Amino acid sequence: MTAPAAFADKPLIETEAVPLCPVCGGESQHPFASGFDYESLTCRNEWHFVSCDRCSHVWLNPRPAISTLPVIYPPTYYAYNYQQQISSIAVKGKQMLDAAKMKSILKKLDRPPTSFLDIGCGDGRFLRAMELQGLKRENLYGLELDDHVIAPLAADGFKAYCRRVEDCTEIADNSIDLATMFHVIEHVDDPAAVVRKVARWLKPGGILAIETPNVQSLDARTFKPSFWGGYHIPRHWNLFRPLTLQKLLQDNGLDVVDTRYQTGHSFWMYSYQHRFNFGESPKPRLAKWFNPLGSLPVLIGFTAFDKLRAAVGMRTSAMLMLGKKP
Ligand SMILES: [Zn+2]
């Protein structure tokens, strides 16, 4: 596939091969999907996802070299300034969905938590929500890779650190009641090592809640060859389905106690946006209607659609799995 014209002046970045399946270690793999950085246009590389012949896990191979992270996560990357980019109604809606999600997770704990860790804590909104539930700041931990958001949290007395899980030495083993990783595991280079380490940090009976894209969903299947929004090329390095995420948790010390499906409205919208921008007959004006950061009516439509689908037991593209330490 040649790069679409819009990518012509973008850099070609360095890559590294990932020969073994990050979930089962298998060597045999087959092509799954391929595409470009349709969302942020940071580079002109064509990227390929492969699928493991043994366990069906999907991963990016090759993937961007670590030295290129500042290129693929530019300062404008939306995860860092999400609140400023979306409308206040969308912010309110997201807060309601987040609150409902946390409530459903807390129900699965044997007792009310006294310590909480949010991996990829952003501006700390979940830390503050747990403080409102009565937890003390000295027992509220957050990890994030952007020091601009960590510094103010640490100054406010939260245990906030600018670290990857793999490099963090500040959290004691058997000390955390609840750990959350919302849309993080798909970005890391060694998901098994991350889960193993978080499992060590959990108290017996403690829970790790992981939310991540689900490649076994209607939108993922519809846009499979290239345009699915859940690919987030080249920033998503590992893509799970319920079975492979379950295997990842079980192989690394946790029992799966619950799986539920959240709304994947952003993935629907990005999928259509990419198709209208880069498909066979581009329709850029139509594509604008599918911008998740700016098109409220379509956002509400897809949220309602996925809510309804999840309510009747269908698997959406955002799965939430809870692993408990025995
Ligand atoms: Zn595998």
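The structure contained in this document is the topic of the report that follows. Only a predicted model underlies this, so the values are computations on that prediction, with no experimental measurement involved.

## Some thoughts on the nonpolar core
Then, number 1: Among the nonpolar cores identified, the biggest contains 39 residues, and Leu117, Ile185, Trp201 and Leu208 are the most heavily contacted of them.
Then, number 2: If you list the elements that add at least two residues to this core, you get β3 (47-52), β6 (116-119), β7 (140-143), β9 (176-182), α6 (191-201), β10 (202-213), α8 (242-251) and β13 (318-324).
Then, number 3: The biggest single contributor to this core is α6, with six residues.
Then, number 4: Tyr38, Tyr77, Trp228 and Leu299 belong to the second-largest nonpolar core, a separate cluster that totals 34 residues.

## Points about helix α11 (residues 296-311)
Then, number 1: With 16 residues, α11 ought to run about 22 Å at 1.5 Å a step, and its terminal C-alpha atoms sit 22 Å apart, in line with that.
Then, number 2: Turning to α11, its buried residues number three or more, namely Val298, Leu299, Phe302, Thr303, Asp306 and Arg309. The buried residues of α11 occupy one face: seen down the axis, they fall within an arc of 135°. More than 90 degrees from the buried face of α11, the exposed residues found are Pro297, Leu308 and Ala311.
Then, number 3: Backbone geometry just after α11 places Gly313 at a positive phi near 90°.

## Focus: the sheet that holds strand β11 (residues 238-239)
Then, number 1: Within the open sheet, the four strands sit side by side as β2-β3-β4-β11. Their pairing is antiparallel. Edge positions in the sheet fall to β2 (29-35) and β11, since each has one partner strand and no second.
Then, number 2: Direction of pairing for strand β4 (residues 58-60) relative to β11: antiparallel, over a ladder of two bridges. Bridge pairing in β11 places Val58 opposite Leu239.

## Quick word on the pattern of salt bridges
Then, number 1: Applying the stated criterion to the full structure yields 18 salt bridges.
Then, number 2: In this structure, the salt-bridge partner of Asp98 is Arg125, at a minimum N-O distance of 3.1 Å. Pair noted here: Asp98 is in helix α3 (residues 88-106) and Arg125 is in helix α4 (residues 125-132), with a separation of 27 residues, a long-range link.
Then, number 3: Taking the relative accessible area as the measure of exposure, Asp98 reaches 7% and is therefore buried.
Then, number 4: We classify Arg125 as partly exposed; its relative accessible area is 33%.
Then, number 5: Several salt bridges share partner residues, and in doing so they unite Asp98, Lys101, Arg125 and Glu211 into one network.

How each quantity is defined
Residues numbered from 1 in each chain as written. Predicted model: local features only at pLDDT ≥ 70, side-chain atom pairs only at ≥ 80, totals over all residues. Heavy atoms only, no water. Core = buried A, V, L, I, M, F, W, Y, C linked by side-chain atoms within 4.5 Å. Buried < 20%, exposed > 50% of the residue type's maximum accessible area, 1.4 Å probe, protein only. Helix = DSSP H or I, 4+ residues; strand = E, 2+ residues; numbered from the N terminus. Expected span 1.5 Å × (residues − 1). Arc of directions from axis to C-beta. Pairing = 2+ DSSP bridges. Salt bridge = Lys/Arg side-chain N within 4 Å of Asp/Glu carboxyl O.

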